[in-house]
Amino acid sequence: MSTAEARPSLDFVREAVAEDLRTGRFDGRVVTRFPPEPNGFLHIGHAKAICLDFGIAAAHGGACHLRFDDTNPMKEENRFVEAIKRDLRWLGFDWSEHEYFASDYYEQFYEYAVSLVRKGRAYVCDLGPDEIRAHRGTLTTPGQESPNRGRSIDENLELFERMRAGECADGSRTLRAKIDMASPNLNMRDPVMYRVLRATHHRTADAWCIYPMYDFAHGQSDSIERITHSLCTLEFEDHRPLYDWFLDELEIYHPRQIEFARLNITYTVLSKRRLVQLVDEGHVTGWDDPRMPTLAAMRRRGYTPEAIRAFCEKVGVTKTNSLSDVALLEHCLRDDLNARSPRVMGVLRPLKLVIDNYPAGQVEQMEAVNNPEDPGAGTREVPFSRELYIEQDDFREDPPRKFFRLAPGREVRLRYAYLVTCTDVVRNDAGEVVELHCTYDPETRGGTTPDGRKVKATLHWVSAAHAIEAEVRLYDRLFRTPRPGKDTGNYVDDINPHSLQVLTGCRVEPSVCGAEPGHRYQFERQGYFCVDPDSSPTRPVFNRTVPLRDAWAKIDQAAGRKGSKAS
RNA sequence: UGGGGAUUGGUGUAACGGUAGCACGGCUGACUCUGGAUCAGUUAGUCAAGGUUCGAAUCCUUGAUCCCCAGCCA
């Protein structure tokens, strides 16, 4: 074809879709699906799949179905389907009327199974779980055929009907596909299609006591919905022969399964099993604990859907097992937040600063820019007075090299206000600095210097009398190693004990008063923060979404490593 | 010792026989009323060995390493 384009290259999945479009394999249709099991919350690994599934459909004017893969009533709950839908919408995707459940197809699956029995391709097996395992063989040795493999079609039909009718005890019998017990692919060694299980299903309640296995449900669901491209992760590559086998034997519409590598990110875990464990064992406060990699947690922490989508686009889609640097995620986050977050001043660890030559009782309203990246965001007024709070970190009595902030005798700018010079230091009995005295230069109102003199630092501040008291929750990575469990053998041992630091008595400028949960700010020179639902009207609670890149912190840390850590 | 995948700078990802590029990170520097942002520069790579070819990350051969599979989970 002459349609070879010099556009940004397509990933291998999109290329496969493009090829199918060229060859007319699916009559020009593109229909994908996102098939979560409702047994937990969606995490950022799912976001990658979601962006792919919905992205490919959208790129070709096709639909992406949301299908809950609910074939295991033991683990699935309605609260998870609700959470999944909420998170999908938040991420920015719309499945319109295409909301399905594998459990909607149970009757159809049953008929499919019966037709396979009639064809002599499936049989009822009386082996228990342990016996089935023993008969399966190993990776290097073939399995043994079930003693029931030769049952007559009529007997299989009758037995399968009795399984459904509730005449068999849980685990006593299964329906199995008759394929090849010597196959090198263990999935083809007469895989179980149905098991007997008395559990109340979150949707079908007690209508069934037999439930189909994933392999006997997924492809058939895809087929029923006339999916064209069924995208899944690499571990299902071994299942594709079985996916194809069922569809071929059933002689029904046959989508194409394509596998891609799942997402991994440094300093976190992204398997549902592990996330469940973190929640159940109380290592975090819940699925939406802001330290979790779940979408609900990231939302609460202040991540934007745009940042997550940008990240998913940047990591790409391949078959390579990879480990993405969390720094890339944070870059995407900052990139988005920088463009849209209103700036505000907030002091996390307050240190009182008194301007001796500023009139007591006087209050000036200083004009501050809301977002230098967005002129349309306008300005606001911030009250200034004689007694202020600045950040404890912004003062050093004995400033190290390259420390440009406040120190005895040094002049700095108070952002949007005045230049001040430190004249005195007040200490408590323990010798800690508890208050600073300064003088200000009235000629520098607004932070300007009519004489053109320069100061190396600009500090954020709040007026002591006007500031609002707040709680701030500082989050660090949940794990202290890039690959949790890699060296310790147990990822739980790598949990970072300092992943949450709660600061109380923080002071923020009055303009944030009344901000709704979810509202995001940049606290200048500190990072991006977001109002937590735990906030009350009188006392806001902020989550630190991500700190600003901090050149000084890097210098300071490097110096600290060499020793000389004066207290 | 079975089967299925994978292998390009520290990390992620392009290149489809013709100059190994982009992004993140790192490091310089410029600029700055956020030590932010921005801008400029820089660092560093084709798993190995053979072979084919004028020319190989790409094709062939042999080997190495890593991941997945022995649930009546998905």
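Quick caveat, the model's predicted, so the values are computed rather than measured.

Peer 1: Any details on the side chain of Asp70? Residues and values, ideally.
Peer 2: Following the sequence through the fold, Asp70 ends up in the loop between strand E2 (63-68) and helix H3 (78-91). Of the buried charged residues, Asp70 lacks a salt bridge, with Arg203 as the closest side chain of opposite charge at 5.0 Å. Ignoring any residue separated from it by four or fewer positions in sequence, one finds Asp70 in contact with Pro38, Glu76, Phe101, Ala102, Ser103, Tyr106, His201, His202 and Arg203.

Peer 1: Kindly report on the pattern of salt bridges, identifying the contributing residues and their values.
Peer 2: Under the criterion given, the structure shown has 47 salt bridges. Salt-bridge contacts for Arg149 lead to Asp190; the nearest nitrogen and oxygen are separated by 2.7 Å. Placement of Arg149 in the loop between helix H5 (129-136) and helix H6 (153-165) and of Asp190 in the loop between strand E5 (174-177) and strand E6 (192-196) is noted, with a sequence separation of 41 residues between them. Look at Asp190 and you get buried, because its relative accessible area is 1%. Note that Glu387 is salt-bridged to Lys352, the shortest N-O span being 3.2 Å. With Glu387 in strand E15 (residues 387-391) and Lys352 in strand E12 (residues 350-355), this residue pair connects regions lying 35 residues apart in the sequence. When salt bridges with common partners are traced through the structure, they connect Asp288, Arg300, Glu471, Arg473, Asp532, Asp534 and Arg539 into a single cluster.

Peer 1: Mind laying out the domain arrangement of chain A, listing which residues take part and the relevant values?
Peer 2: Segmenting chain A into domains produces domain 1 (22-260), domain 2 (264-343 + 468-567) and domain 3 (346-460). Put simply, the middle of domain 2 and the middle of domain 3, counted by C-alpha atoms, are 28 Å apart. At the interface, 25 residues of domain 2 touch 28 residues of domain 3. For the pair domain 2 and domain 3, the summed buried surface comes to about 2100 Å²; carbon and sulfur atoms form 49% of the total. Among the residues of domain 2 in contact with domain 3, Arg507, Arg525 and Trp552 are the three that bury the most area, contributing 32% of the side total. On the surface where domain 2 and domain 3 come into contact, there are four salt bridges. Among the ionic pairs, Asp394 bridges to Arg525, the shortest N-O distance being 2.2 Å. Elements supplying a minimum of two residues to the side of domain 2 that touches domain 3: helix H12 (326-340), strand E21 (468-475), strand E22 (500-508) and helix H13 (551-561). It is E22 that contributes the most residues to the side of domain 2 that touches domain 3, six residues altogether.

Peer 1: With reference to specific residues and values, describe empty space enclosed by the protein.
Peer 2: Applying the stated rule across the entire model yields one cavity of 30 Å³ or more. Roughly 30 Å³ of internal volume is contained in the largest cavity. Together, Tyr214, Asp215, His218, Gly219, His239, Tyr243 and Gln257 line the largest cavity. The element that contributes the greatest number of residues to the lining of the largest cavity is helix H7 (residues 214-224), accounting for four residues. For the lining of the largest cavity, the class distribution of residues is two nonpolar, four polar and one charged.

Peer 1: Before we move on, can you summarise the packing of aromatic side chains with the specific residues and values?
Peer 2: According to the stated counting rule, one finds 27 aromatic pairs in the structure shown. Taken together, a centroid distance of 6.0 Å and an interplanar angle of 85° make the contact between Phe41 and Phe80 edge-to-face. Of this pair, Phe41 sits in the loop between strand E1 (31-34) and helix H2 (44-59) while Phe80 sits in helix H3, and the two are 39 residues apart along the sequence. A relative accessible area of 4% places Phe80 in the buried class. For the pair Tyr110 and Trp208, a centre-to-centre distance of 6.1 Å together with 55° between the ring planes defines the contact as tilted.

About the criteria used
- Residues numbered from 1 in each chain as written.
- Chains lettered and ligands numbered in written order.
- Predicted model: local features only at pLDDT ≥ 70, side-chain atom pairs only at ≥ 80, totals over all residues.
- Heavy atoms only, no water.
- Helix = DSSP H or I, 4+ residues; strand = E, 2+ residues; numbered from the N terminus.
- Buried < 20%, exposed > 50% of the residue type's maximum accessible area, 1.4 Å probe, protein only.
- Lys, Arg positive; Asp, Glu negative; His and termini not counted.
- Salt bridge = Lys/Arg side-chain N within 4 Å of Asp/Glu carboxyl O.
- Contact = heavy atoms within 4.5 Å.
- Domains from an automatic or database assignment.
- Buried area = accessible area lost by both parts, 1.4 Å probe.
- 1 Å grid on protein atoms, 1.4 Å probe; cavity = no way out; pocket = protein on both sides within 12 Å on 5 of 7 lines; lining within 4 Å.
- Points joined across faces, edges and corners; volume = space filled by probe spheres on them.
- Nonpolar A, V, L, I, M, F, W, Y, C, P; charged D, E, K, R; others polar.
- Phe/Tyr/Trp six-rings, centres within 6.5 Å; stacked < 30°, edge-to-face > 60°.

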